[in-house]
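Geometric and topological summary
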Amino acid sequence: MNISGIGGDYLLQEMASMRLQASDMSGSGRVPATAGKAGEEFSDVLSRALDGVSDAQNTADDLRTRFDLGDRSLSLSDVMISAQKASLSFEAAVQVRNRFVDAYRSIMQMQV
């Protein structure tokens, strides 16, 4: 499955960045320099990833509306590909969220 394109590439980069963070986390609460920009907060990384998903959805909606209104510069395949990219980006974001919720629940159930 390929989710490259608007929002998709960025989401994949961020997911790889999160994977690196999970394996290299030193407990500082910050993303390590190897996973992103030095000193970058995790919340900023996550926010940008979600903005990429939102941008992909907005682009797909815009293309769909333009096609419905008769824009001859767009083909049906362009609209469908954009919609699929947005859908896959959203599904990836939901899966990441599910993993975070599972991790949170596991941490909350740990005995201190």
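Residues numbered from 1 in each chain as written. Predicted model: local features only at pLDDT ≥ 70, side-chain atom pairs only at ≥ 80, totals over all residues. Heavy atoms only, no water.

1. As for the overall build of the chain
- A tally of regular secondary structure across the chain gives three helices and zero strands.
- When its helices and strands are written in sequence order, the chain yields α-α-α.
- Considering the chain as a whole, with its 112 residues, one finds that 25% of them fall into the buried category.
- Taking all contacts inside the chain whose residues are at least 6 apart in sequence as the whole, residues at least 24 apart take part in 53%.
- In the structure as shown, the chain presents an accessible area of about 7,700 Å², 55% of it carried by carbon and sulfur atoms. (Helix = DSSP H or I, 4+ residues; strand = E, 2+ residues; numbered from the N terminus. Buried < 20%, exposed > 50% of the residue type's maximum accessible area, 1.4 Å probe, protein only. Contact = heavy atoms within 4.5 Å. Areas by Shrake-Rupley, 256 points an atom, 1.4 Å probe, with all protein chains shown as cover.)

2. Considerations on the packing of aromatic side chains
- All chains considered together, the criterion is met by one aromatic pair.
- With a centroid separation of 5.6 Å and an interplanar angle of 75°, the aromatic rings of Phe 42 and Phe 100 are classed as edge-to-face. Placement of the pair is Phe 42 in helix α2 (residues 42–68) and Phe 100 in helix α3 (residues 76–108), with a sequence separation of 58 residues.
- By relative accessible area, which is 35% here, Phe 100 ends up partly exposed. (Phe/Tyr/Trp six-rings, centres within 6.5 Å; stacked < 30°, edge-to-face > 60°.)

3. Describing the pattern of salt bridges
- A full pass over the atoms with the stated rule returns three salt bridges.
- A salt bridge links Asp 61 to Arg 64; the shortest N-O distance between them is 2.9 Å. A residue pair is termed a helical-turn pair when its members lie 3 or 4 positions apart in one helix, as Asp 61 and Arg 64 do in helix α2 at three residues.
- A salt bridge links Arg 66 to Asp 62; the shortest N-O distance between them is 4.0 Å. (Salt bridge = Lys/Arg side-chain N within 4 Å of Asp/Glu carboxyl O.)

4. Some details on a nonpolar patch on the surface
- Among the surface-exposed residues, Tyr 104, Ile 107, Met 108 and Met 110 lie close enough to one another that they form a single nonpolar patch of about 490 Å² accessible area.
- Along the chain, Met 108 falls in helix α3.
- By relative accessible area, which is 53% here, Met 108 ends up exposed. (Patch = residues over 30% accessible without salt bridge, like charges linked within 9 Å, V, L, I, M, F, W, Y side chains within 5 Å.)

5. Here we look at the environment of Ala 49
- Looking at the secondary structure, you find Ala 49 in helix α2.
- Judged by relative accessible area, which is 2%, Ala 49 ranks as buried.
- Residues Ala 49 and Ala 93, spaced 44 residues apart in sequence, show a C-alpha to C-alpha distance of 8.3 Å.

6. What to know about the side chain of Ser 82
- Looking at the element boundaries, Ser 82 is found in helix α3.
- When residues no more than four places from it in sequence are discounted, the contact partners of Ser 82 are Thr 59, Ala 60 and Leu 63.

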